[in-house]
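One letter stands for each residue in the lines below.
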Amino acid sequence: DEEDEEDEEDEEDEEDEEDEDEDEDEDIEKMTLPDLKQRLREAGLPDDGKKSALIDRLKNTVEKRRAEQADKELAALPLHALKQACDLCSLPSQGTKPQLLARLRSHYAKLAAQEQDADEAAQEPPVKQRKVEHRKAHGAGTPSTEHLARRAKR
């Protein structure tokens, strides 16, 4: 029973940490320029550039800190827990602790890269909009009379 209670408490702590991380991202977006610059200076990072660049720089720093913390927590897990994590991720669960850690780190890095790609793709305009913008940028914003004539014949 005590183990179940501890597991529930651990899950609640993890959920609280995730909520705090989301809040921190939102807080960074809402920060004023002087506050952003101060946080960056405190982190030993350059504080020059546009506000959007400062926000990105600070978010990257926060994300790096989270990744380092997660890696420390992963490395602190006992062998049986690493094997369970491998099983949950459909990874081979045989091997030494360093082998399992390397396998899980690689897996999590791939997941993070996929998530970043998906985020970037979601921020891109749809293909049709990009084509229209491309045509406008290259002087082809309006269809030619020849094109309209061909279309009318169809």
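Here, the structure is the one placed above.
So, here is what we can say about the structure in this document. (Residues numbered from 1 in each chain as written. Predicted model: local features only at pLDDT ≥ 70, side-chain atom pairs only at ≥ 80, totals over all residues. Heavy atoms only, no water.)

### What about the overall build of the protein?
Part 1 of the reasoning: Per the secondary structure count, the protein includes 7 helices and 0 strands.
Part 2 of the reasoning: Along the protein, helices and strands appear, N-terminal first, in the series α-α-α-α-α-α-α.
Part 3 of the reasoning: The buried share of the protein, taken over its 154 residues, is 14%.
Part 4 of the reasoning: Look at the contacts in the protein between residues 6 or more apart in sequence, and 23% of them connect residues 24 or more apart.
Part 5 of the reasoning: As presented, the protein carries roughly 12,300 Å² of accessible surface, and 48% of it is formed by carbon and sulfur atoms. (Helix = DSSP H or I, 4+ residues; strand = E, 2+ residues; numbered from the N terminus. Buried < 20%, exposed > 50% of the residue type's maximum accessible area, 1.4 Å probe, protein only. Contact = heavy atoms within 4.5 Å. Areas by Shrake-Rupley, 256 points an atom, 1.4 Å probe, with all protein chains shown as cover.)

### Notes on the pattern of salt bridges
Part 1 of the reasoning: Under the criterion given, the structure shown has 5 salt bridges.
Part 2 of the reasoning: Of the charged contacts in the structure, one is a salt bridge between Asp 48 and Arg 57, with a shortest N-O distance of 4.0 Å.
Part 3 of the reasoning: For Arg 57, a relative accessible area of 23% corresponds to the partly exposed category.
Part 4 of the reasoning: For Arg 66, the salt bridge is made with Glu 63, and the minimal N-O distance between the two is 3.2 Å. (Salt bridge = Lys/Arg side-chain N within 4 Å of Asp/Glu carboxyl O.)

### Quick notes on unusual backbone geometry
Part 1 of the reasoning: Here the phi dihedral of Ser 90 falls at roughly 60°; this positive angle occurs in a residue that is not glycine.
Part 2 of the reasoning: Counting through the fold element by element, Ser 90 comes out in the loop between helix 4 (79-88) and helix 5 (97-123).
Part 3 of the reasoning: Its relative accessible area of 66% is what places Ser 90 among the exposed residues.

### Observations concerning the packing of helix 3 (residues 51-76) against helix 5
Each pair of packed helices can be summarised by the angle the axes make with each other and by the distance between the axes.
Part 1 of the reasoning: Across the interface, helix 3 lies against helix 5 with an axial gap of 10 Å and an inter-helix angle of 150°. On the basis of the axis angle, helix 3 is roughly antiparallel to helix 5. Seen along the crossing, helix 3 lies across helix 5 with a hand that is right-handed. Residues Asp 71, Leu 74, Ala 75 and Ala 76 of helix 3 form the contact with helix 5, whose own contacting residues are Lys 97, Leu 101, Leu 104, Arg 105 and Tyr 108.
Part 2 of the reasoning: A breakdown of the residues in the contact of helix 3 with helix 5 according to their chemical character gives 6 nonpolar, no polar and 3 charged. (Axes fitted to C-alpha atoms, helices over the stretch in contact; angles between N-to-C directions. Parallel < 35°, antiparallel > 145°, perpendicular 65-115°, else oblique. Left-handed = near helix turned anticlockwise from the far one by under 90°. Nonpolar A, V, L, I, M, F, W, Y, C, P; charged D, E, K, R; others polar.)

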